[in-house]
Structures are given as structure tokens and as C-alpha cells.
Amino acid sequence: APASAAGDRPERSRNAKAQARHRAKRKAYIEQLEQTVTKLQTALALSPDQVAALPPPTLRIRQLEQENARLLRENEDLRRQLR
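A few points on the structure. The structure displayed is predicted, hence computed values, not measured ones.

What counts and how
- Residues numbered from 1 in each chain as written.
- Predicted model: local features only at pLDDT ≥ 70, side-chain atom pairs only at ≥ 80, totals over all residues.
- Heavy atoms only, no water.
- Helix = DSSP H or I, 4+ residues; strand = E, 2+ residues; numbered from the N terminus.
- Rg over C-alpha atoms; globule rule 2.2 N^0.38 Å.
- Buried < 20%, exposed > 50% of the residue type's maximum accessible area, 1.4 Å probe, protein only.
- Areas by Shrake-Rupley, 256 points an atom, 1.4 Å probe, with all protein chains shown as cover.
- Salt bridge = Lys/Arg side-chain N within 4 Å of Asp/Glu carboxyl O.

It is worth spelling out the overall build of the protein at this point. Of the regular secondary structure elements, the protein holds 3 helices and 0 strands. For the protein, the α and β elements follow one another from N to C terminus as α-α-α. Taking 83 residues into account, the globule formula puts the C-alpha radius of gyration at 12 Å, and the protein, at 28 Å, lies well above it. Each of the three principal axes of the protein carries a C-alpha extent, and together these read 95 × 30 × 15 Å. Within the protein, buried positions represent 1% of all 83 residues. Accessible surface for the protein amounts to roughly 7,700 Å². Of this, 58% is attributable to carbon and sulfur atoms.

Here it is, written out as C-alpha cells:
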């Protein structure tokens, strides 16, 4: 049993190193995302509360698509009236 326990240690060490690398990469990635959010908030001159109040992109896209379709119909109706 002592031999197998000693045999496990290099594997555990390798695993621990891989986990530490993963944690460091994830931490760096999260920090990068936080910096990007801060830059975007500054560029948009929005407070965090204002950013949180923005509609989800998919909802906004759907609203814009509906508005676009309505405007296209209205445009076509006006063109027909001009003819």
C-alpha cells in the first residue's frame, strides 16, 4: 500500500498544477471581462444601474425587427399611394 500511495503523489501533483493553471487562467479571463465592462460603461457614459436596466439584446433585436417590418409596410403603402 505505501508504494501505491507514493505512486499517486506525482499524479496528484500534476493534477494540482493543472488545477492551479486553470484557476489562474480563469481569474485572468474574468479580470479581462471586468475591464471590458468598465471600458464599455465609460464609453457609453452609463452607470452600472443603467447598464443593468438595458433590455436583453435578443429582446431589443426582436423589437427592432418588428419596428423595421412595420416601417417597411408603411413605406410600401406610401409608395403605392404616390403611384
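Counted under the stated rule, the structure contains 4 salt bridges. The salt bridge involving Arg 70 is made with Glu 74; its shortest N-O contact spans 3.4 Å. Highlighted residues: Arg 70 and Glu 74, both in helix α3 (residues 57–82), separated by 4 residues, approximately one helical turn. In this structure Glu 74 comes out as partly exposed when scored by relative accessible area, which is 40%. Across the pair Asp 77 and Arg 80 runs a salt bridge whose closest N-O atoms are separated by 3.0 Å. With a gap of 3 residues between them, Asp 77 and Arg 80 both fall in helix α3, about one helical turn apart. Residue classification places Asp 77 among the partly exposed positions, given a relative accessible area of 36%.

Bear in mind that shape data such as this cannot, by itself, settle questions of function.
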